[in-house]
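Survey of secondary and tertiary structure
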Amino acid sequence: MSYQVLARKWRPRNFAEMVGQEHVLKALINALDHNRLHHAFLFAGTRGVGKTTLARILAKCLNCERGVSSRPCGECSACREIEAGRFVDLIEVDAASRTKVDDTRELLDNVQYAPSRGRYKVYLIDEVHMLSGHSFNALLKTLEEPPPHVKFLLATTDPQKLPVTVLSRCLQFNLKRLPVSLMQKHLAHILEAEGIAGEDAAIALIAQAADGSLRDALSLLDQAIAYGAGALRVGEVRSMLGSIEQTHVLSLLQAVANKDGKALLEIVGKLDELAPDYETILGDLASCLQRVALAQALPEAPADLAMDDAVRILGGGFTPEQVQLCYQIALFGKRDLALAPSPRGGFEMTLLRMLAFIPVQAETVRAPASAAAAARAAGTAQSAAARPNLVSKAAQTWKDPDWIGLVESLELRGAAQQLALNCQYRQREANTLHLELDTAHAHLATEQLIQRLQEAIARHYGEPLKIRIQAVHADLDTPAKRDARRQAENLQAAQAAIAADPNVRNLCETFGAQVNPELVKLSD
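Note that the structure is predicted; figures quoted are calculated from it, not measured.

Before going further, it helps to examine the overall build of the protein chain. Across its full length, the protein chain holds 25 helices and eight strands. Every one of the 524 residues in the protein chain was classed for burial, and the buried ones make up 42%. When contacts within the protein chain are restricted to residue pairs at least 6 apart in sequence, long-range pairs at least 24 apart make up 72% of them. A total accessible area of about 28300 Å² is found for the protein chain, and carbon and sulfur atoms account for 50% of it.

Here you go:
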């Protein structure tokens, strides 16, 4: 007997065998059991999360010879034929290969006819977003007035490409990516049922690499079993996936924390001998930095956050700002790796960039202009925030700015500009500028807008300045209020000028006309 791949062998045959997606299952089960069936269902979600599987189970529920229910028997001829993919009244269509309007019209020509064997004629259209505009129009006409014996089951990975007229006529179910812990448990169950030995760490690696797709996880599991000659061992799975041990990731970050460029490049050289996937390693670095940030923010974190001692120790070598900076550099490095002359070269440059922006000691602080140039070279706005909170030479000769003039010179737009316009400068302490904001505009003080204002000020002065904003109940002299006063004064002057105009006065005296002040507007 030929071998059947795990993804097909373990495909769910009923709702009880489905993994995850409880929010969708509950709605479908209730609809079936209470006979509240819609004529069109849309299943949306990323690859491998169960869209087509759910649609086939639903088709089985609708046509089971024992009656419509959420528990098809699986034994009648209709259930067996649907499972085998040869039920005459289940019409499966791959929209990616049948995008033309003629294909859709040909498909829908038989909608009016009653099903040949089943209770319902079911149209399962996969990747429905690939249909052309004319094809959607043809489908829409049937969706508007469907015959009672027809059900449409649509599946898509990109629901945003569907016309709203189609979406509004479907019950839409959004399937979620499966969590790693759930996939790990299911993979372990499959290995036990198959009688295959598997290490927990190896199963975890496969579950993480699947990125929320159970089908991908089963395909990787098949590949790993073949790679390991019938067993699942963590070392072989790492080699298959192109990943490396966690200890190597920790060693790289420790070298960055120690500002040891020689050790850093030596570790990269040893890694290169393993022919790794450098994009995967950068992802591992970002993941490890995330764990470090969590360990710093939550020292007493529960065990389910996987905060091991090595990560906690590594967290002691970085400040929280440095962790955020390195995390951002890792993400940018992963994104730009394809543009590098070589994968190893791009990986090394990413690590050297982390090393370059680890703060130096106070006695070697560079001039503000050099710091600004370094911040621009970092390619990330967080580089300024990662500098040590030291009093720079510029702070010693600081003069309080003309806040209105400063705001006008900053490259700010939109809501960030409104935040600056409604603030008033108070004072500078060390490398922090303290601003006051009227409570009426406190909604502007979001973390994102404060960060944009801080970056603009740091760029303007060429040093890593921070800002702190305090909302107060006070009559502040802000740029916005000054501009409002100036506008009011200009408007009053314009109204007075119009009222004093000889022609206007003549019209008022001759015809009894009046000047309406509310209609006087200033041009932009």
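Before going further, it helps to examine the pairing of strand 4 (residues 150-156). Of all seven residues making up strand 4, seven are buried, and the element is well covered by its neighbours. Alternating positions in strand 4 separate into two faces, Val150, Phe152, Leu154 and Thr156 on one and Lys151, Leu153 and Ala155 on the other, with burial throughout. Here five bridges tie strand 1 (residues 40-44) to strand 4, and the two strands are oriented parallel to one another. Bridging from a neighbouring strand, Phe43 pairs with Ala155 of strand 4. Regarding the hand of the β-α-β motif, the stretch spanning strand 3 (residues 121-126), helix 6 (residues 133-144) and strand 4 is right-handed.

With phi around 55°, Lys259 is a residue other than glycine that occupies positive phi space. A residue is classified by how much of its surface remains accessible, and Lys259, at 43% relative accessible area, is partly exposed.

Read across the open sheet, the five strands follow the order 2-3-4-1-5; overall the sheet is parallel. Taken across any chain shown, the strands that pair with only one partner, and hence form the sheet edges, are strand 2 (90-94) and strand 5 (171-174). Along the sheet, successive strands turn relative to each other by an average axial angle of 15°, direction set aside.

What follows concerns the packing of helix 22 (residues 414-421) against helix 23 (residues 447-461). Their axes nearest at 9 Å, the elements helix 22 and helix 23 cross at an angle of 75°. Taken together, the axis directions place helix 22 and helix 23 in an arrangement best described as roughly perpendicular. Two secondary-structure elements touch here, helix 22 through Ala415, Ala416, Leu419 and Ala420 and helix 23 through Leu449, Ile450, Arg452 and Leu453. Its residues assigned to classes, the contact of helix 22 with helix 23 comprises seven nonpolar, no polar and one charged.

This part takes up the confidence of the model for the protein chain. Detailed reading of predicted coordinates is not advised where the pLDDT is low. Of all residues in the protein chain, 87% attain a pLDDT of 70 or more, and the chain-wide mean is 82. Contacts from residues 303-307, a stretch scored under 50 in pLDDT, to residues over four places away or in other chains number seven contacts.

What follows deals with helix 22. Listed in full, the buried residues belonging to helix 22 are Ala416, Leu419 and Ala420. Angularly, the buried residues of helix 22 cover 95° about the axis, an arc narrow enough to put them on a single face. On its buried side, helix 22 packs onto helix 21 (403-409), strand 6 (423-429), strand 7 (432-438), helix 23, strand 8 (466-472) and helix 24 (479-500).

Each value, and the rule that gives it
Residues numbered from 1 in each chain as written. Predicted model: local features only at pLDDT ≥ 70, side-chain atom pairs only at ≥ 80, totals over all residues. Heavy atoms only, no water. Helix = DSSP H or I, 4+ residues; strand = E, 2+ residues; numbered from the N terminus. Buried < 20%, exposed > 50% of the residue type's maximum accessible area, 1.4 Å probe, protein only. Contact = heavy atoms within 4.5 Å. Areas by Shrake-Rupley, 256 points an atom, 1.4 Å probe, with all protein chains shown as cover. Pairing = 2+ DSSP bridges. Right-handed = clockwise from strand over helix to strand, strands pointing away. Axes fitted to C-alpha atoms, helices over the stretch in contact; angles between N-to-C directions. Parallel < 35°, antiparallel > 145°, perpendicular 65-115°, else oblique. Nonpolar A, V, L, I, M, F, W, Y, C, P; charged D, E, K, R; others polar. pLDDT = per-residue confidence, 0-100. Arc of directions from axis to C-beta.

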